[in-house]
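Fold and geometry: a report
These are the residues of each chain, in order.
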Amino acid sequence: MFGAWAAFADVKRGPVTNLPLPRYVSMKAAEGNVRRGPSLTHRIDWVFKRRGMPLQVTAEYGNWRRVQDRDGAGGWVHYALLSGVRTVLVEAEMLPVYARPDPTSPVNAHFESGVVARLGTCSLDWCRITAGGYRGWTLKSNLWGVDPSEIRE
């Protein structure tokens, strides 16, 4: 029991939300300015242009969140552009999505690399994902936007 509390105490928490850092979120907006610093006076370095794209929050400052994408590109984004809805990015070519978390079960679909899928339940090795009207299970190691040790019910 003490070990579980010790592990919980080691989790870094955001000073604004008290949520764990780093953590995953998704883009709520179709476009989001990515700034060099946490205010409107900071220069826009680029624009994220993909609704639902998974991002990792690495810092908080007021209404701003420092985020990065799969490639490590990022900066400061206003919190109103982000959603707590979890999505993942498919990293494998023609990823099989199975009916059950078992590679011998029927394949429901194949997702191309770069597909953004909604994240559901995850065990230690498998996650349930949904995209384009298809849903099923795939190996967690083929996804970006979920930690390897993360369990979701």
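How each quantity is defined
Residues numbered from 1 in each chain as written. Predicted model: local features only at pLDDT ≥ 70, side-chain atom pairs only at ≥ 80, totals over all residues. Heavy atoms only, no water. Helix = DSSP H or I, 4+ residues; strand = E, 2+ residues; numbered from the N terminus. Buried < 20%, exposed > 50% of the residue type's maximum accessible area, 1.4 Å probe, protein only. Contact = heavy atoms within 4.5 Å. Areas by Shrake-Rupley, 256 points an atom, 1.4 Å probe, with all protein chains shown as cover. Lys, Arg positive; Asp, Glu negative; His and termini not counted. Charge placed at Lys NZ, Arg CZ, Asp CG, Glu CD. Salt bridge = Lys/Arg side-chain N within 4 Å of Asp/Glu carboxyl O. Phe/Tyr/Trp six-rings, centres within 6.5 Å; stacked < 30°, edge-to-face > 60°. pLDDT = per-residue confidence, 0-100. Pairing = 2+ DSSP bridges. Core = buried A, V, L, I, M, F, W, Y, C linked by side-chain atoms within 4.5 Å.

This part takes up the overall build of the protein chain. For the protein chain, the helix and strand inventory stands at one helix and 14 strands. Each of the three principal axes of the protein chain carries a C-alpha extent, and together these read 55 × 45 × 20 Å. Here the protein chain holds 153 residues, and the buried ones make up 39% of them. Restricting the contact set of the protein chain to residue pairs at least 6 apart, pairs at least 24 apart contribute 51%. Total accessible area on the protein chain stands at roughly 8,700 Å², and carbon and sulfur atoms take up 54% of it. Between the averaged position of the 20 positive side-chain charges in the protein chain and that of its 14 negative side-chain charges there is a distance of 8 Å.

Scanning all chains against the criterion turns up seven salt bridges. For Arg43, the salt bridge is made with Asp45, and the minimal N-O distance between the two is 3.1 Å. Of the charged contacts in the structure, one is a salt bridge between Asp71 and Arg70, with a shortest N-O distance of 3.7 Å. Linked by salt bridges that have partners in common, Arg36, Arg43 and Asp45 make up one network.

What follows is about the environment of Pro101. Residue placement: Pro101 occurs in the loop between strand S9 (95–98) and strand S10 (107–111). Its relative accessible area of 40% is what places Pro101 among the partly exposed residues. In the structure, Pro101 is positioned 21 residues away from Cys122 in sequence and 9.6 Å away in space, judged by C-alpha atoms. In this structure Pro101 touches Trp126 and Trp137, once residues within four positions along its chain are discounted.

Right, let's get into the packing of aromatic side chains. A full pass over the atoms with the stated rule returns two aromatic pairs. For the ring pair Tyr24 and Trp144, a centre distance of 5.3 Å and an interplane angle of 90° mean the geometry is edge-to-face. One end of the pair, Tyr24, is in strand S1 (residues 23–27); the other, Trp144, is in strand S14 (residues 143–144), and 120 residues separate them in sequence. The residues Tyr24 and Trp144 share a single accessibility class, namely buried.

A separate point is the confidence of the model for the protein chain. For residues with low pLDDT, the predicted coordinates do not support detailed interpretation. Averaged over every residue, the pLDDT of the protein chain is 93; the share at 70 or more is 93%. The low-confidence segment residues 1–8, where pLDDT is below 50, has one contact with residues more than four positions distant or belonging to other chains.

Glancing now at the pairing of strand S8 (residues 87–90). Where burial is concerned, the two faces of S8 agree: the one with Thr87 and Leu89 and the one with Val88 and Val90 are both buried. Relative to strand S11 (residues 116–122), S8 is paired through three bridges, and the arrangement is antiparallel. In the strand pairing of S11, Thr87 is matched with Arg118. Relative to S14, S8 runs antiparallel, the two sharing two bridges. What sits directly across from Val90, in S14, is Leu143.

If you look at the biggest cluster of nonpolar residues, it comprises 15 residues, and the most contacted ones within it are Val88, Phe111, Leu119, Cys127, Ile129, Leu143 and Val146. Breaking this core down by element, the ones donating at least two residues are S8, S9, S10, S11 and strand S12 (126–131). Discounting residues that sit within four places of it in the chain, Phe111 has contacts with Val90, Ala92, Glu93, Met94, Leu95, Val97, Ile129, Ala131 and Tyr134. Counting residues in hydrophobic clusters, the runner-up holds twelve residues, among them Leu21, Val25, Met27 and Leu55.

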